[in-house]
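# Chain and residue survey
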Amino acid sequence: MDADQIRRAVKRISHEIVERNRGTKGIVVVGIRRRGVYIAKRIAEYIEKIEGAVPFGALDITLYRDDFQVTKNIQTRPVVGTTEIKEDITDKVIVLVDDVLFTGRTIRAALDELIDFGRPKQIQLAVLVDRGHREFPIKADYVGRNLPTSENEIVEVRLTEIDGRDEVLLGEMEE
Amino acid sequence: MNGLKSKHLLGLEGMTAEEMGVILDTAASFREISERPVKKVPALRGKTIVNLFFEASTRTRASFELAEKRLSADTVNISKSGSSVAKGESLRDTAENLQAMKIDVIVIRHGAAGAPHFLASLLEASVVNAGDGAHEHPTQGLLDIFTLKGRLGDLKGKKVTIIGDIAHSRVARSNIFGLTTLGAEVTVCGPPTMIPPRIEELGVKVEMDLRRAIEDADAVNVLRIQLERQKVNLFPSLDEYAVVYGINRKRVAMMKPDCIIMHPGPINRGVEITQDVADSDRAVILEQVTNGVAVRMAVLYLLCEGVQKEPPPVDAAVEEEKTDSKVT
């Protein structure tokens, strides 16, 4: 996906969110660190243009990961980031945003963490890329692009805010 | 770098600025957890932490215990009275028995300097020093530094004055090691009997005149007079100490208008600091306490997470990253 395709996909998702929820009432857009946060921010900006401002938050799921005991090499472990949920999320509709949906384990962790902040009325999931190979019963409500992949391929999402440009790359994992 | 080099936290002496940075950054992320409706994350689920306190403590002990609980670790508290230590069991036997029960971390406070180091040489578990005699109290040093950074930003060139019983203070020593590593200018001030000889060798300035010590400081850290550690009378009376070294309104007026006042607690109100100053908005004493929980969470999390190894060969690193990216 190039920059234009990403922009259109994010814009379409924003429209779909407003359409499905019949407006913006009670919606809170929450991005998963790191890249999900920037996509969430863009969605929140589009929604503001379409219908009106919505609250926005960021979730760091490092402390909720299920591979804490498994991954012994900490070089590849992310530094714990900050979770910013300023709203009371009870009875709100949370739109959880991430860049790539793969095994579903990140989303599982995010759901666990969100629930520690309150009891949302509903949690919806928006992802830029759904690459398949789920290991958990998790499904996205809004998908930018379905990308059939094999398990040894790598999907890399690059965003201007972090990487200097917008693109989605599909690579081969070297054996 | 995103981890620590040692599996123990024994002191701030010799810790690099980089390692301190990792702890402080992680603590900044952990601070928010204590503001949540559910103040708990599952990060240390299944880890067992023993708090072994041979000396009295309210703040440090509660702070460690809350930090452990908020990370979902299982905790056991042992104090001197009510344990077999009271029956004369040695520190070594106590520790080895605890280890035989398969614990992951021991947090120890002990009256003897070096007790945590002794345990670290003996045990598989990680050891965290929660204060050893008059030696070090690293988590207090870190939380003081965290509070200072929150208020003053980068500490390079910032002037921090520590007032009081420097000779008996483990808080002073940990602050000195940490702050000088980060490039702050540390001045110590107190009765001459309480300033250890050759303290300048730790890279601090000694100032006997209280006014000169505080007038251009960015922060003043007021230590508690530790009556329990003094074997002889080092000053004539508490009243006289209060008159000569106590931080009162008059002395606050000598400081820069934005100078912050810190105290590690417990406060002897009316001795080293007056009631009104301790409760004024210049004092960040309770902020230090709040930060203490986040800093201890960061330390425990990083120690349980594992030790920073030397970077693996490039191929292995790439391979790791790829398997890791599966968790998307």
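Keep in mind that what you see is a predicted model, and the values were worked out from it rather than measured.

Assigned secondary structure in chain A consists of four helices and seven strands. Expected size for 175 residues packed as a compact globule is a radius of gyration near 16 Å; at 16 Å, chain A falls within 12% of this value. Dimensions of chain A along its principal axes, counting C-alpha atoms only, are 50 × 35 × 30 Å. The buried share of chain A, reckoned over its 175 residues, is 43%. For chain A, the share of sequence-separated contacts (at least 6 apart) that also reach a separation of at least 24 residues comes to 69%.

This part takes up the overall build of chain B. Helix and strand counts for chain B come out as twelve helices and nine strands. Expected size for 328 residues packed as a compact globule is a radius of gyration near 20 Å; at 21 Å, chain B falls within 12% of this value. Structurally, chain B occupies a C-alpha span of about 60 × 50 × 40 Å along its principal axes. For chain B, the proportion of its 328 residues judged to be buried stands at 45%.

Here we come to the packing of helix 5 (residues 138–152) of chain B against helix 11 (residues 285–305) of chain B. All names here are of chain B. Look at helix 5 against helix 11: their axes get within 8 Å of each other, and the N-to-C directions meet at 120°. For the element pair helix 5 / helix 11, the angle class is oblique. When you trace helix 5 past helix 11, the crossing you get is right-handed. For the pair formed by helix 5 and helix 11, the contact residues are Thr139, Leu142, Leu143, Asp144, Phe146 and Thr147 on the first element and Glu287, Gln288, Asn291, Gly292, Val295, Arg296 and Val299 on the second. Of the residues contributing to the contact of helix 5 with helix 11, the split by class is five nonpolar, five polar and three charged.

Residues and elements named next belong to chain B. Read across the open sheet, the five strands follow the order 7-6-5-8-9; overall the sheet is parallel. Unpaired on one side and paired on the other, strand 7 (205–206) and strand 9 (260–262) mark the two borders of the sheet. In terms of strand pairing, strand 5 (residues 159–163) meets strand 6 (residues 185–189) through five bridges, oriented parallel. Across the sheet, Thr161 pairs through a bridge with Thr187, a residue of strand 6. Along the sheet face, helix 6 (residues 170–181) touches strand 5, strand 6 and strand 8 (219–222) and points at about 155° away from the line of strand 6.

All names here are of chain A. Spatial ordering of the open sheet is given by 2-1-3-4-5, a layout of five strands whose pairing is parallel. Because the sheet does not close on itself, it has two edges, and the strands there are strand 2 (56–59) and strand 5 (142–146). Direction aside, the axes of adjacent strands within the sheet are offset by 25° on average. Both strand 1 (residues 27–32) and strand 2 contribute to a ladder of four bridges, which runs parallel. The residue of strand 2 that forms the bridge with Gly31 is Ala58. Running at roughly 155° to strand 5, helix 1 (residues 3–20) makes contact with strand 3 (93–101), strand 4 (122–130) and strand 5 of the sheet.

Turning to the domain arrangement of chain B, a few remarks are in order. All names here are of chain B. Considered domain by domain, chain B is made up of domain 1 (17–136 + 288–305) and domain 2 (138–286). Contacts between the two partners involve 23 residues from domain 1, matched on the other side by 24 residues from domain 2. Among the secondary structure elements, those contributing two or more residues to the side of domain 1 that touches domain 2 are helix 1 (17–30), strand 4 (126–132) and helix 11. Here the side of domain 1 that touches domain 2 gets eight residues from one element, more than from any other, and that element is helix 11. Among the residues forming the side of domain 1 that touches domain 2, the class breakdown is ten nonpolar, nine polar and four charged.

The next point concerns helix 1 of chain A. Residue and element names in this part refer to chain A. Taking 1.5 Å per residue, 18 residues should reach 26 Å; helix 1 reaches 26 Å between its end C-alpha atoms and fits that length. When helix 1 is considered as a whole, its buried residues turn out to be Ile6, Val10, Ile13, Ser14 and Ile17. End-on, the buried residues of helix 1 take up no more than an arc of 100°, which puts them together on one face. Of the exposed residues in helix 1, those oriented more than 90 degrees away from the buried face are Asp4, Arg8 and Glu19. Buried residues belonging to helix 1 abut helix 2 (35–50), strand 3, strand 4, strand 5 and strand 7 (167–172).

This part is about the packing of helix 2 (residues 59–70) of chain B against helix 11 of chain B. All names here are of chain B. Two elements in contact, helix 2 and helix 11, have axes separated by 8 Å at closest approach and are oriented at 55°. With respect to their mutual orientation, helix 2 and helix 11 come out oblique. As helix 2 runs across helix 11, the sense of the crossing is right-handed. Along its contact with helix 2, which presents Arg59, Ser63, Phe64, Leu66, Ala67, Glu68 and Arg70, the element helix 11 presents Val289, Gly292, Val293, Arg296, Met297 and Leu300. In terms of residue class, the contact of helix 2 with helix 11 is made up of seven nonpolar, two polar and four charged.

Quick look at the nonpolar core now. Note that soluble globular proteins tend to have their nonpolar side chains buried in a common cluster. Judged by nonpolar contacts, the single largest core of 142 residues is most densely connected at A:Val29, A:Ile43 and B:Leu300. Residue contributions to this core peak at eleven residues, all from helix 11 of chain B. The residue makeup of this core includes at least three contributed by each of domain 1 (17–136 + 288–305) and domain 2 (138–286) of chain B. With residues up to four places along the chain from it excluded, the contact list for A:Ile43 reads A:Val10, A:Ile13, A:Ser14, A:Ile17, A:Val29, A:Val97 and A:Ala126.

A separate point is helix 1 of chain B. Residues and elements named next belong to chain B. With 14 residues, helix 1 extends 20 Å from end C-alpha to end C-alpha; this agrees with the ideal 20 Å at 1.5 Å per step. Along helix 1, the residues that are buried comprise Glu19, Met20, Val22, Ile23, Leu24, Thr26, Ala27, Ser29 and Phe30. Residues of helix 1 that are buried sit in contact with helix 5, helix 6 and helix 11.

By secondary structure assignment, the location of B:Arg45 is in the loop between helix 1 and strand 1 (48–53). Separated by 27 residues in sequence, B:Arg45 and B:Ser72 have C-alpha atoms that sit 4.9 Å apart.

Right, let's talk about the pairing of strand 2 of chain A for a bit. Residues A:Phe56 and A:Ala58 line one face of strand 2 of chain A and the alternating positions A:Gly57 and A:Leu59 line the opposite face, and both faces are buried. Taken together, strand 1 of chain A, helix 2 of chain A and strand 2 of chain A form a β-α-β motif whose crossover is right-handed.

This next bit is on unusual backbone geometry. Here the bond from A:Arg33 into A:Arg34 is cis, since omega is -5°, no more than 30 degrees from zero. Looking at the element boundaries, A:Arg34 is found in the loop between strand 1 and helix 2. Along the chain, B:Gly265 connects to B:Pro266 via a cis peptide bond; the corresponding omega equals -10°. Here B:Pro266 is to be found in the loop between strand 9 and helix 10 (275–278). Unusually for a residue other than glycine, A:Asp91 sits at a positive phi of about 70°. In this structure, A:Asp91 sits in the loop between strand 2 and strand 3. Note on A:Asp91: 11 C-beta atoms within 10 Å, which makes it exposed. Positive phi outside glycine occurs at B:Ser72, with the angle close to 70°. Examined against the element boundaries, B:Ser72 turns out to sit in the loop between helix 2 and strand 2 (74–79).

Conventions we followed
- Residues numbered from 1 in each chain as written.
- Chains lettered and ligands numbered in written order.
- Predicted model: local features only at pLDDT ≥ 70, side-chain atom pairs only at ≥ 80, totals over all residues.
- Helix = DSSP H or I, 4+ residues; strand = E, 2+ residues; numbered from the N terminus.
- Rg over C-alpha atoms; globule rule 2.2 N^0.38 Å.
- Buried ≥ 20, exposed ≤ 12 C-beta atoms within 10 Å, placed from the backbone.
- Contact = placed C-beta atoms within 7 Å.
- Axes fitted to C-alpha atoms, helices over the stretch in contact; angles between N-to-C directions.
- Parallel < 35°, antiparallel > 145°, perpendicular 65-115°, else oblique.
- Left-handed = near helix turned anticlockwise from the far one by under 90°.
- Nonpolar A, V, L, I, M, F, W, Y, C, P; charged D, E, K, R; others polar.
- Pairing = 2+ DSSP bridges.
- Domains from an automatic or database assignment.
- Expected span 1.5 Å × (residues − 1).
- Arc of directions from axis to C-beta.
- Core = buried A, V, L, I, M, F, W, Y, C linked by C-beta atoms within 7 Å.
- Right-handed = clockwise from strand over helix to strand, strands pointing away.

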